[in-house]
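One-letter residues, chain by chain:
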Amino acid sequence: MSKEKLIIFDTTMRDGEQSPGASMTKDEKLRIARALERMRVDVIEAGFPASSNGDFEAVQAIANTIKDSVVCGLCRANDRDIQRGIDALKGAKAWRVHTFIATSPLHMKVKLRMSPEQVLEQTRLSVRYAKNACPDVEFSPEDGSRSEVDFLCRVLEAAIAEGATTINIPDTVGYAVPEQFGAFIRTLREKIPNSDKAVWSVHCHNDLGMAVANSLAAVTIGGARQIECTINGLGERAGNTSLEEIVMAVRTRGDFFDLETRLDTTQIVPTSRLVSQITGFVVQPNKAVVGANAFAHASGIHQDGVLKARQTYEIMTAEDVGWTTNRIVLGKLSGRSAFKQRLKEIGIELESEDAYNKAFQRFKDLADKKADIFDEDLQALVAQQAGASSDEHWRLVTMNQASGMGERPHAAVVLAENGSERRADAQGDGPVDATFKAIETLAKSGAELLLYSVNAVTQGTESQGEVTVRLSRGGRVVNGVGADTDVIVASAKAYVNALNKLESKMERVNPQHQL
Ligand code: KIV
Ligand code: ZN
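This is a predicted model, so every value here is computed, not measured. (Residues numbered from 1 in each chain as written. Chains lettered and ligands numbered in written order. Predicted model: local features only at pLDDT ≥ 70, side-chain atom pairs only at ≥ 80, totals over all residues. Heavy atoms only, no water.)

A few words now on the site of ligand 1. Taken together, the neighbourhood of ligand 1 is formed by Arg-14, Asp-15, His-98, Phe-100, Ser-140, Glu-142, Pro-170, Thr-172, His-203, His-205 and Gln-512. Taking Thr-172, its side chain carries an N or O atom lying 2.6 Å from an oxygen atom of ligand 1. When ligand 1 is considered free in solution it has 260 Å² of accessible area, and contact with the protein chains removes 100% of it. Mapped by element, the contributors of at least two residues to the shell around ligand 1 are strand E5 (95-102) and strand E6 (137-142). Residues that form the shell around ligand 1 fall into these classes: two nonpolar, six polar and three charged. (Near = heavy atom within 4 Å. Polar contact = N/O pair within 3.5 Å; in protein donor to acceptor, adjacent residues only side chain to side chain. Areas by Shrake-Rupley, 256 points an atom, 1.4 Å probe, with all protein chains shown as cover. Helix = DSSP H or I, 4+ residues; strand = E, 2+ residues; numbered from the N terminus. Nonpolar A, V, L, I, M, F, W, Y, C, P; charged D, E, K, R; others polar.)

Here you go:
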């Protein structure tokens, strides 16, 4: 007998993008959307179209590209936002308008300054407006888990009566605990007379580390059949429910959950890497499913057991979730078609022949410096190319630095600003510090450095270093990434990438911040 279906709703590009520094360009979002479609995610929340022209265009481009997943856009509960959403989404093969308004006493009083009756009326009007244009409408009562049950029932009943086909209960502040949250969803479904006319969904934040547990309790105890989640658990503050943990829990413990998703789990790790590279949010090594150590056995007893029978210490296989062993895939003599073929095999599609030519040239440059090229190198290379927008304000032309024991490090950098080259020298406490100071002498960005992190792309000292630089200026936070076999050059590339993101005018409103 076939199992009931669990709908996977990915919000990496909407809620995930609300993490400070995780904002993405249109091209980056398109790449993530293609990866999510390849993974067979049911619904892709592509963004918040009313938040900025940039996000409108990104949602529109995704709607016009994706064919095998429903494309969704978030809209506050007002006509202007919803119309913006409709305009961005209407070209899609299958699309959904997701509208929300806060229903907890605190949010209504302090944030919205609206009475409960006004919120109820606004819910009716906005779902009605959305439904007129789109058959697939999702409604979320923000801060749902801290809302009063009787009032929430009235709001949700009205939303369903106006045509909402999915009711999503957010635990906006990550306050819920599993048994209670599961029972809360069940109570809502039992009390609301027309509850069977909608699919029930949950959207949990991870402030107390319980987002995955709360979501699963909502499914088993509450009867929810959609989970909203993000790749790597990206999201506001401590993040959202992690997609990979939900999907693998349901699959690995199919005996308990008796549900199935339609996802191709072998796409999990490549997609996780892509999101990490684009956002600059490094995945912690011990992160379930996608952390570098998730399938590594260090202790002798475990290694011995796994060699005898993998199931002794492994409940799922690395291959099931898309880990490839660090295989040498390409080298200096590999040709363009082998390169293109390997990109295809690891799920990377570039948008044009020109993009393939540029990526191949980068690959050749890398192969001159590094004998063996692994899948991870290819991913870093393509991520860098995509991160470097065509309208770059700053370009790193060349750099060198000198440092040694007892000597004050020194760096010289040549940058092109809108095409014209300038050079600066600086000293610093270390080679990276000197390099950043030299770049700042030219750029004068006045940005504050919030984060500098280096990660080895593969194992061994010949690995490329992948650097993340997080800069903040005037309340805007951006991440830059750069990879190179020389970590100082990677650092300079990452800094320049972050400067270019600061230059791009991508102002966005956070959906939770106003009505
Ligand atoms: O956390 C939240 O409440 C949300 C809603 C807008 C769905 O992200
Ligand atoms: Zn959220």
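Still more ground to cover, so stick around.
What follows covers unusual backbone geometry. In this model, Asp-258 sits at a positive phi of 55°, which is unusual for a non-glycine residue. By secondary structure assignment, the location of Asp-258 is in the loop between helix H10 (254-257) and strand E10 (259-260). A relative accessible area of 48% places Asp-258 in the partly exposed class. Unlike most non-glycine residues, Lys-444 shows phi in positive territory, near 45°. Turning to its location among the elements, Lys-444 is positioned in the loop between helix H16 (431-443) and strand E16 (448-456). (Buried < 20%, exposed > 50% of the residue type's maximum accessible area, 1.4 Å probe, protein only.)

Counted at 1.5 Å a residue, the expected span for helix H7 (residues 178-191) with its 14 residues is 20 Å, and the 20 Å between its end C-alpha atoms agrees. Regarding H7, the residues found buried are Pro-178, Phe-181, Gly-182, Phe-184, Ile-185 and Leu-188. One side of H7 carries all its buried residues, which in axial view fall inside an arc of 155°. Of the exposed residues in H7, the ones pointing more than 90 degrees away from its buried face are Glu-179, Gln-180 and Glu-190. Those residues of H7 that are buried lie in contact with helix H6 (149-161), strand E7 (166-171), strand E8 (199-204) and helix H8 (211-220). (Expected span 1.5 Å × (residues − 1). Arc of directions from axis to C-beta. Contact = heavy atoms within 4.5 Å.)

This part takes up the domain arrangement of the protein. Each assigned domain of the protein is listed here: domain 1 (4-279) and domain 2 (295-322). Measuring from the centre of the C-alpha atoms in domain 1 to the corresponding centre in domain 2 gives 35 Å. At the interface, eight residues of domain 1 touch six residues of domain 2. For the pair domain 1 and domain 2, the summed buried surface comes to about 550 Å²; carbon and sulfur atoms form 61% of the total. Scanning the region where domain 1 abuts domain 2 turns up one salt bridge. Asp-320 is paired through a salt bridge with Arg-251; the nearest N and O atoms lie 3.5 Å apart. Along the contact surface separating domain 1 from domain 2 lie three residue pairs in polar contact (both at pLDDT 80 or more). Listed by contribution, the elements that provide at least two residues to the side of domain 1 that touches domain 2 are helix H9 (243-252) and helix H11 (268-279). (Domains from an automatic or database assignment. Buried area = accessible area lost by both parts, 1.4 Å probe. Salt bridge = Lys/Arg side-chain N within 4 Å of Asp/Glu carboxyl O.)

Below, the discussion takes up the packing of aromatic side chains. One pass over the structure, following the stated rule, counts six aromatic pairs. Ring pairing ties together the aromatic residues Phe-339, Phe-360 and Phe-363, which thus form one cluster. The cationic tip of Lys-340 hangs over the ring face of Tyr-356; the distance from NZ or CZ to the ring centre is 4.7 Å. (Phe/Tyr/Trp six-rings, centres within 6.5 Å; stacked < 30°, edge-to-face > 60°. Lys NZ or Arg CZ within 6 Å of the ring centre and 35° of its normal.)

Overall, antiparallel pairing links the three strands, which are arranged E13-E14-E15 in an open sheet. Each of the sheet's edge strands pairs with one partner strand only, and the pair in question is strand E13 (394-402) and strand E15 (420-427). With strand direction ignored, the average angle separating the axes of adjacent strands in the sheet is 15°. Where strand E14 (residues 410-417) lies against E15, eight bridges are found, and the strand directions are antiparallel. (Pairing = 2+ DSSP bridges. Axes fitted to C-alpha atoms, helices over the stretch in contact; angles between N-to-C directions.)

With their axes 9 Å apart at the nearest point, helix H1 (residues 26-38) and helix H2 (residues 53-65) run at an angle of 35° to one another. Handedness of the crossing formed by H1 with H2: right-handed. Between H1 and H2, the contacting residues are Lys-26, Lys-29, Leu-30, Ala-33 and Arg-34 on the first element and Asp-55, Glu-57, Ala-58, Ala-61, Ile-62 and Thr-65 on the second. Among the residues forming the contact of H1 with H2, the class breakdown is five nonpolar, one polar and five charged. (Left-handed = near helix turned anticlockwise from the far one by under 90°.)

The textbook angles at a metal center are 109.5 degrees for a tetrahedron of four donors and 90 or 180 degrees for an octahedron of six. Only Asp-15 (OD), His-203 (NE2) and His-205 (NE2) from the protein coordinate the zinc ion (ligand 2), and they sit 1.9 to 2.1 Å from it. Every donor residue of the zinc ion (ligand 2) comes from the same chain, spaced as D-x187-H-x1-H. Of the two residues, Asp-15 sits in the loop between strand E2 (7-10) and H1 while His-205 sits in the loop between E8 and H8, which places them 190 residues apart along the sequence. In this pair, the class of Asp-15 matches that of His-205, namely buried. (Donors = N, O, S within 2.8 Å, 3.2 Å for Na, K, Ca; no water.)

Here we come to the packing of H1 against H11. For the pair H1 and H11, the least separation of the axes is 10 Å and the interaxial angle reads 170°. Considered as vectors, H1 and H11 are oriented roughly antiparallel to each other. Side by side, H1 and H11 meet where Glu-28, Arg-31, Ile-32, Ala-35 and Leu-36 of the first sit next to Thr-271, Leu-274, Val-275 and Ile-278 of the second. Its residues assigned to classes, the contact of H1 with H11 shows six nonpolar, one polar and two charged. (Parallel < 35°, antiparallel > 145°, perpendicular 65-115°, else oblique.)

Another aspect to go through is helix H5 (residues 116-133). Helix length check: H5, at 18 residues, gives a terminal C-alpha distance of 27 Å against a target of 26 Å (1.5 Å per residue), a fit within 8%. All of the buried residues in H5 are Val-119, Leu-120, Thr-123, Ser-126, Val-127 and Ala-130. The buried side chains of H5 occupy one side of the element, clustering within an arc of 140° when seen end-on.

Along the chain, Val-289 falls in the loop between H11 and helix H12 (300-308). A residue is classified by how much of its surface remains accessible, and Val-289, at 4% relative accessible area, is buried. Separated by 123 residues in the primary sequence, Val-289 and Thr-166 place their C-alpha atoms 29 Å from one another. What Val-289 contacts, discounting residues up to four positions off in sequence, is Glu-244, Glu-245, Met-248, Ile-268, Val-269, Ala-294, Phe-295, Met-316, Val-321 and Trp-323.

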